[in-house]
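Chain residues, written in single-letter form:
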Amino acid sequence: MAASEEHSALFPIFVLTIIALPLVPYTIVNLYLTFRKKTKTINCRCSACFHSGKYRKSIFKRISNFSTYSNLTVVLLWVVVALLALYIKHINTEVQVFEPFSILGLEPGVSDSEIKKAYRRLSILYHPDKNPDPEAHKYFVDFISKAYQALTDPVSRENFEKYGHPDGRQGLQMGIALPQFLLNIDGASGGILLLGIVGVCIILPLTIAVIYLSRSSKYTGNYVMHHTMYAYYHFMKPSLAPSKVMEVFIRAAEYMEIPVRRTDEESLQKLFVLVRSELNLDLRNIRQEQAKFWKQHPALVKSELLMQAHLTRETTALSPSLQRDLKKMLALAPRLLEELMKMAIIPRTQQGHGWLRPATGVIELSQSIIQAVPLSARKATGGSNEGYGPFLQLPHFSESIVKKIARKKVRSFQELREMKPQERAELLTQVAGFTANESQDVEMVLEMMPSISIDITCETEDPSSNDVWMSQKVNFMDEATAIIAASKAIEELKEGSGASAKEINASVKEAIDRVKAGSRLVMGKFQAPSEGNYNLVSYCLCDSWIGCDARSNIRLKVLKRSRAGTRNIATADEVPSLEDGAEEEDEEGEDEYDDDYESEYSEDDEDVKGKDAKAAVANGSACWQSFRFR
């Protein structure tokens, strides 16, 4: 019984150990990652954003951000650990080793007479006849009497002196740290123990597995629903206009699951009037178009109206419930746009090429969503092919302000960026009517925007039978990481071409110098096409800022395959001018291409094959680009 009580007392220690083993390292890792993060100010610091308060978090907002399921679980587990530690400290008593000599206050090796004297002396103090205290009685029976018997019996005394215990050599005793009621496995406790074992070892894992599999079967690796991928793949067309990408984007299953409430009907009707000009409705049959729009699935109607409200910055007209729904839509938008981009550039043609028009349309939609700029603001106007949309990224700008500065021959966003700060400040204060602080806000945002130039170099490699194209997503790397990546890539490329060690070192040194100067190296491969002249276009598209994209043309001449089994590719300096029927011709777009508004990348290129070369690469010719950021 005593042993079972001892094992039962160890149960809290056992539970504490099981909880602490995963909890302590998990907490340490999370704290390390939290303190390791560099505090970077990525929010806009202009006065308009500052006074809006959208970046200032109240105490309730910070508590709600902290109150995630994982954080609350960790805090709850630490509370349980603290309570267990206090409980263990409360019930823990020092283990008293049975030592007869110490109990009687004697030294080992004393005579029997001295043992009897010590026993009589302690009996006067603790014997029940002399001391009525129950604790004294217990101490006399459990310790003093046993100690006297162990020392007066020759066998017990010899065992104690040799093995430390009156009963001789002791074996290893093992038990299980379970509560006392589970150790009595007869009757009801046996059923409780059985149910506990079945529940913890069988039912609980099965329940977790079923829930996990049922949820994971609905999503891809990027936490996008499979139904969303099917819809994007089905509705993606090669002639899809950039203005029509929105109609495909809102068909995400995640958006279709957002409930449409009866209370939302009135707010959506008012919102429809505000954003009607952005819905690509035929004004000649406006009544029929409106009726057709409202006959769509209610979730599609709600999703498009909410997204257009965000683009046109009409969110103040939304009810609190619609604002929460819009916030959820915007939180899902980045990964949905990423998957939509994959559906646009996935190989679909016989040559394994993706589609350029819908791909650039996805990028433009991403830019508009991030900057809250209407798609209609990107229509070509006057002398600008990009419309006045890029200007709306800047604080205090509106369409009327753009018209004012256009009178001073500043018709494009690039012209405004290329002006000197002093000249730009004079233009904004004298022509646009900005104050000095508002002009400073514009300068602050312009400094945040990237400026990119592209340098492309192409080299040939032995082609393989693989004809798979791929797209590259470029992320800006810090200088140290970029130097390592560029050095390794250049070294592998030169070694594969049979360059000497001296040439390799020179190329690596040149690459490092260019990285330190602000460039970043991006490499890819594409299958060398058949013999002929090709005019390719490389696009570097920013998914966040409007007007920061860069493009570069490169002319290639693919020669006949040599006897060695390789091809030669000449770049721009080596390609002769096109002659004998190879003159540049403008090609008309496909008839089915809906040209609601012309994308700034929608102009016809000199060669259709060149348009397919956007950022898609495969094996055959190595093409590496150097991006310079300012």
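Remember, predicted model here, so these are calculated numbers, not experimental data.

Draft legend 1. Looking closely at unusual backbone geometry. You will see that Asn-280, though not glycine, has its phi angle at about 55 degrees, which is positive. Along the polypeptide, Asn-280 turns up in the loop between helix 15 (264-275) and helix 16 (286-294). On the basis of relative accessible area, Asn-280 is assigned to the partly exposed category, the value being 32%. Its identity is not glycine, yet His-396 carries a phi of approximately 70 degrees, on the positive side. If you trace the backbone, His-396 turns up in the loop between helix 19 (356-371) and helix 20 (399-406). On the basis of relative accessibility, which here comes to 29%, the residue His-396 falls in the partly exposed class.

Draft legend 2. How the structure looks around the nonpolar core. Counting 50 residues, the largest nonpolar core has Phe-249, Tyr-255 and Leu-305 as its most contacted members. Elements represented by at least two residues in this core include exactly helix 12 (226-235), helix 13 (245-249), helix 15, helix 17 (298-311), helix 18 (320-345), helix 19 and strand 4 (532-540). Tallying contributions element by element places helix 18 first for this core, with 11 residues. Counting 26 residues, the second-largest nonpolar core is a separate cluster that includes Phe-397, Val-410, Leu-427 and Trp-545.

Draft legend 3. Representation of the environment of Val-442 within the structure. Along the polypeptide, Val-442 turns up in helix 23 (residues 436-448). The spacing of Val-442 and Pro-395 is 47 residues in sequence and 6.1 Å in space, taken between C-alpha atoms. Not counting residues within four places of it along the chain, the set of residues in contact with Val-442 comprises Leu-394, Pro-395, Phe-397, Leu-428 and Phe-434.

Draft legend 4. Representation of the pattern of salt bridges within the structure. Under the counting rule described, the total for this entry stands at 11 salt bridges. Here Glu-399 makes a salt bridge to Lys-403, at a shortest N to O gap of 3.9 Å. Pair noted here: Glu-399 and Lys-403 are both in helix 20, with a separation of 4 residues, about one helical turn. Among the ionic pairs, Glu-443 bridges to Arg-424, the shortest N-O distance being 2.7 Å. Here Arg-424 lies in helix 22 (residues 421-431) and Glu-443 lies in helix 23, a separation of 19 residues in the sequence. A single burial state applies to Glu-443 and to Arg-424, both of which are buried. Residues joined in a network through salt bridges with shared partners are Arg-261, Asp-264, Lys-302 and Asp-325.

Draft legend 5. A look at the environment of Ser-453. Position of Ser-453 relative to the elements: it lies in strand 1 (residues 452-460). Classification of Ser-453 as partly exposed rests on a relative accessible area of 37%. Sequence-wise, Ser-453 and Ser-519 are 66 residues apart; in three dimensions their C-alpha atoms are separated by 8.9 Å.

Draft legend 6. Main features of the packing of aromatic side chains. Under the criterion given, the structure shown has 11 aromatic pairs. Each ring, one from Phe-391 and one from Phe-413, has its centre 5.6 Å from the other, and the planes form 90 degrees; the classification is edge-to-face. Highlighted residues: Phe-391 in the loop between helix 19 and helix 20 and Phe-413 in helix 21 (residues 413-418), separated in sequence by 22 residues. With relative accessibility at 0%, the residue Phe-391 sits in the buried group. Take Phe-413: its relative accessible area is 0%, and that puts it in the buried class. Note that Arg-251 overlies the ring of Phe-235, its terminal NZ or CZ placed 4.3 Å from the centroid.

Draft legend 7. Structural detail: helix 5 (residues 69-91). The first and last C-alpha atoms of helix 5 sit 33 Å apart over 23 residues, in line with the 33 Å expected at 1.5 Å per residue. Burial in helix 5 covers these residues: Val-74, Val-81, Leu-84 and Ile-88.

Draft legend 8. The confidence of the model for the protein chain, seen in detail. The predicted model of the protein chain has a mean per-residue pLDDT of 76, with 73% of residues at 70 or higher. Every residue in residues 571-598 scores below 50 in pLDDT, and together they form 50 contacts with partners more than four places removed in sequence or on other chains. Under a pLDDT of 50 for its full length, residues 600-624 has, in the predicted model, 114 contacts with residues more than four places off or in other chains.

Draft legend 9. Here's a closer look at the pairing of strand 5 (residues 550-558). Burial of the side chains of strand 5 is restricted to one face: Ala-550, Ser-552, Ile-554, Leu-556 and Val-558 are buried, whereas none of Arg-551, Asn-553, Arg-555 and Lys-557 on the reverse face is. Where strand 4 and strand 5 come together, 9 bridges link them in antiparallel fashion. By the bridge assignment for strand 5, Cys-540 is matched with Ala-550.

Rules used in this analysis
- Residues numbered from 1 in each chain as written.
- Predicted model: local features only at pLDDT ≥ 70, side-chain atom pairs only at ≥ 80, totals over all residues.
- Heavy atoms only, no water.
- Helix = DSSP H or I, 4+ residues; strand = E, 2+ residues; numbered from the N terminus.
- Buried < 20%, exposed > 50% of the residue type's maximum accessible area, 1.4 Å probe, protein only.
- Core = buried A, V, L, I, M, F, W, Y, C linked by side-chain atoms within 4.5 Å.
- Contact = heavy atoms within 4.5 Å.
- Salt bridge = Lys/Arg side-chain N within 4 Å of Asp/Glu carboxyl O.
- Phe/Tyr/Trp six-rings, centres within 6.5 Å; stacked < 30°, edge-to-face > 60°.
- Lys NZ or Arg CZ within 6 Å of the ring centre and 35° of its normal.
- Expected span 1.5 Å × (residues − 1).
- pLDDT = per-residue confidence, 0-100.
- Pairing = 2+ DSSP bridges.

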